[in-house]
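Residues per chain are reported as follows:
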Amino acid sequence: MRETTVAKAKGILKNFLIEPFVAHTQEEEFYICIYATREGDHVLFHHEGGVDVGDVDAKAQRLLVGVDDKLSEDSVKEQLFMHVPEDKKEVLVSFVVGLFNLYEDLYFTYLEINPLVVNQNGVFVLDMAAKIDATADYICKAKWGDVEFPPPFGREAYPEEAYIADLDAKSGASLKLTILNPLGRIWTMVAGGGASVVYSDTICDLGGVDELANYGEYSGAPSEQQTYDYAKTILSLMTREKHHEGKVLIIGGSIANFTNVAATFKGIVRAIKDYQGPLKENGVTIFVRRGGPNYQEGLRVMGEVGKTTGIPIYVFGTETHMTAIVGMALGHQPIPNQPPVAAHTANFLLNSSTNSATPASTRTASFSEPRAANDATLAKKPKAGIPAAASHYPWLWPVKEEFTGDCYVKATMLFSRNTKAIMWGMQTRAVQGMLDFDYVCSRDEPSVAAIVYPFTGDHKQKFYWGHKEILIPVYKNMADAMKKHPEVDVLISFASLRSAFDSTMETMQYSQIHTIAIIAEGIPEAQTRKLIKRADENGITIIGPATVGGIKPGCFKIGNTGGMLDNILASNLYRPGSVAYVSRSGGMSNELNNIVSHATDGVYEGVAIGGDRYPGSTFMDHVLRYQDTPGVKMIVMLGEIGGTEEYKICQGIKEGRITKPVVCWCIGTCATMFSSEVQFGHAGACANQAFETAVAKNQALRDAGAFVPKSFDELGDVIRTVYDELVANGTIVPAQEVPPPTVPMDYSWARELGLIRKPASFMTSICDERGQELIYAGMPITEVFKEEMGLGGVLGLLWFQRRLPRYACQFIEMCLMVTADHGPAVSGAHNTIVCARAGKDLISSLTSGLLTIGDRFGGALDAAAKQFSKAFDSGMLPMEFVNKMKKDGKLIMGIGHRVKSINNPDMRVQILKDFVKGHFPATPMLDYALDVEKITTSKKPNLILNVDGFIGVAFVDLLRMCGGFTRDEADEFVEIGALNGIFVLGRSMGFIGHYLDQKRLKQGLYRHPWDDISYVLPEHMSM
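Each value, and the rule that gives it
- Residues numbered from 1 in each chain as written.
- Predicted model: local features only at pLDDT ≥ 70, side-chain atom pairs only at ≥ 80, totals over all residues.
- Heavy atoms only, no water.
- Axes fitted to C-alpha atoms, helices over the stretch in contact; angles between N-to-C directions.
- Helix = DSSP H or I, 4+ residues; strand = E, 2+ residues; numbered from the N terminus.
- Parallel < 35°, antiparallel > 145°, perpendicular 65-115°, else oblique.
- Contact = heavy atoms within 4.5 Å.
- Nonpolar A, V, L, I, M, F, W, Y, C, P; charged D, E, K, R; others polar.
- Salt bridge = Lys/Arg side-chain N within 4 Å of Asp/Glu carboxyl O.
- Buried < 20%, exposed > 50% of the residue type's maximum accessible area, 1.4 Å probe, protein only.
- Pairing = 2+ DSSP bridges.

S.K.: Whenever I open this one, the packing of helix 16 (residues 500-507) against helix 17 (residues 525-538) confuses me. Can you help?
M.R.: Geometry of a packed helix pair, given as the angle between the helix axes and the separation of the axes. Relative orientation of the contacting elements helix 16 and helix 17 amounts to 10 degrees, with a least axis distance of 10 Å. As judged from the angle between their axes, helix 16 and helix 17 are roughly parallel. Residues Phe501, Thr504 and Met505 of helix 16 form the contact with helix 17, whose own contacting residues are Gln527, Lys530, Leu531 and Arg534. For the contact of helix 16 with helix 17, the class distribution of residues is three nonpolar, two polar and two charged.

Spelled out as structure tokens, the structure:
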């Protein structure tokens, strides 16, 4: 097979479709295409099809089917079939309507047939290209079957990509990996969908496109184990082939909103330790930049692993620009001396002011630090006209009425200091974060009025408001919450991707709701468009899906937006500034908080509209709100590759609707440099046309008059330049800073940071369920099954904290088998049966039977082991032991049986004796007991060593002679009652069997017969 070039991509054609030949004429060929947009589905039809169809966008007839509308046969005939021959219209109409219904039913987003042949023999699809919405898999799985999503032409599919995709599918977090060049020297491990694109952009901007080995991201608070699995995959890939210049690994990310950075870094550190040899052999240098909850501890452990392994690792926090490490890694800028990192997040949580009173609620802002003017190139002045790319596609261009609000009326101000919200979902951490934000902003009341959680009954949940505890009501259904809290006008939905659509549609029935934030990622696009349509009809603003939310400093924040209090305070988000921003990415919105707070007097409002292809509200929606908000003096927009919404900003600036300074940057500029298509972290971050690329949009914004930097690296500098100009001309008058009130730290977080210590209420040394895998006494559960340890091996781990020899495990299992049951007449089984017949449940009946176990029934294992051990260890002869026990008036535990005797031996004992004698290394205690048995049976034949006694003494031999325990340890297990556990565990199986047997036989209430009871009078009365 030879390599083929298609556009810029080179690869080998491996898949071919072989179809029957359909004889037809050119006049019988047609073209049809259906594709989805925000407004609905466009149907393009042209009466000429085939390879020479030409520019169908310009030539084809077009019909828009609105969201939730149906395609009618009349509209197809009237608007699409003007040039179709009459004899073919009927069959074509039927086909097109049926095709559209199929397109909707199977959640297609694009479907093109060229040519579609219609002749006397029927309708034939000769060539078709289609895209389906992968997020609809849970809806369409049965209809789709097993669908493989192959890599684009020019890029091979790697098993490591499939492995990460499988991890992603099994996780609530997001894990993505695309291998671009396995021989490249620049590898990335970036947290966040937006941040991952920014890092790729910067690498390509600095000339590293040919050496960029991978694209990927991890986000959504993956566990330590998930991060370890992700990191080891990348480290394995990058250490397979050496590079003459060595390799670099960039572990980057924006400032996390809720991910515990230290926890994720611990997974990466484990992987680095495992691969330290190959990393050093390949000359790998690692650069780290991260911020967010507990990031200081994460940076510390990352720095420590560099020192202990000898791998060069450079770590930086929020004091360093997000992408500065890229320039360092590629040698474009020097690596600075690393400043000392704060020990923990708590450095920011309690301010240094001694005044704990709540400050006045007046607007305050911080002064920007003075900085020398930079040489950033400002945007050009507005030009007349519209961008050429957009003018070529007029259906993408908004009409002017959209700007004037003639179509619908939505609130300019979404949030205020009095905004009240309902939280859908039991997200206690997010609620507490909102309440802490409210408190530090000096709000009078909490912003969360209630929680809706359908999986429990109505109750109240405890939270903290500053220093005191408060109760927030939790409702099972939405109607009750709305009725009892009419002041609520915001809903924050943490519903899953499967339930978000239904719960949001239900919410929009209530006229009191003006704003809805949908956090879930992966809602099918068709459902999102229906949500948007309903919201527009009802005048509701939707933020999301696939978002962290938004924040209005001093007023309100959505869920986890803005991160923890350390970042709230560090970025001055507790009081309003003068800059409003809108972003797609949630993680990048927090980075914008940091950038804006360093370059200006702070954020007035910020919204992350979400990374899906159809966000509920658009850039233009929020930019127009900011334009009409007096407190906003300048606007920042962080767009990205994919879609056309940024062109509306261009038009708004040119038409004079937007007059405030707008600083813009669209991420994803690297996409035009790749030879094959790359799907970035956000679902909407993919350019289907040239004008959807980040490069084209950045140029259009620059031409329209927005302030556009040369790269993301310069974004902060351009923001500062524009801000300084506004301060200089008096548009912005920075206000004096006022410290916020102190907020106590949660105990759990203080413990996470190592600030406090507290004795644990429980200690355990046998099992650990906290990690990715259950661990029994240090052994992962997968290893337990891999080694085929069996029930005896598991019992050895959990009871004795040892991996016992194979014969010991078999002996334990044999003991459980022989003690499982001894008929219904014994007291334990009898009690269980009586309880079962009284209608009691399994647990009650089992407990009733177990409570009879003691020295007289079944509990002789421990007592026998103790008595025989004491006699043996003291040097008594068997006859001396028997005589002493008789003299003391004590029974010898484990000796004697009601039925069995020396002449009618207990086969259970014989089976165990044969095994023990054949497998145990030595049996001194058993031999001693058997000598005692000879003496006792000589007096009475039923005074045999019974099964309890045998197991007791044999277990002493096992513990003492297997080599796994010291003498003291062996004696301790006997002393604390471990041996009786064998009988309890074994007999429980029999008791459960008796319970199930009685239930199966449907036995009624038991009443003991009179003739089996001796009724006697009290002794004094009988006389």
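S.K.: Explain the packing of helix 21 (residues 645-654) against helix 22 (residues 694-704) to me, please; I cannot follow it from the model alone.
M.R.: For the pair helix 21 and helix 22, interaxial distance at closest approach is 9 Å and the crossing angle is 10 degrees. Here helix 22 runs roughly parallel to helix 21, going by the angle between their axes. Residue-level contacts link Glu646, Tyr647, Ile649, Cys650, Ile653 and Lys654 of helix 21 to Ala696, Lys697, Ala700, Leu701 and Ala704 of helix 22. Residues belonging to the contact of helix 21 with helix 22 are distributed by class as follows: eight nonpolar, no polar and three charged.

S.K.: Please clarify how the pattern of salt bridges should be interpreted in this entry.
M.R.: Charged atoms that come close allow side chains of opposite charge to pair. This structure, assessed with the given rule, holds 38 salt bridges. Notably, a salt bridge pairs aspartate 87 with lysine 88, separated by 3.8 Å at the nearest N-O pair. Given the relative accessible area of 63%, aspartate 87 is considered exposed. Look at lysine 88 and you get buried, because its relative accessible area is 14%. Between arginine 575 and glutamate 737 there is a salt bridge; the shortest N-O distance is 3.2 Å. Of this pair, arginine 575 sits in the loop between helix 18 (565-570) and strand 24 (579-583) while glutamate 737 sits in the loop between helix 23 (715-728) and helix 24 (747-752); the two residues are 162 residues apart in sequence, bridging distant segments of the chain.

S.K.: Help me understand the sheet that holds strand 29 (residues 775-776), please; the structure alone is not making it clear to me.
M.R.: Note: strands within a sheet are paired through backbone hydrogen bonds, in either parallel or antiparallel orientation. The antiparallel open sheet is built from three strands, whose spatial order is 28-29-30. For this open sheet the edge positions go to strand 28 (767-768) and strand 30 (779-780), each flanked by a neighbour on one side alone.

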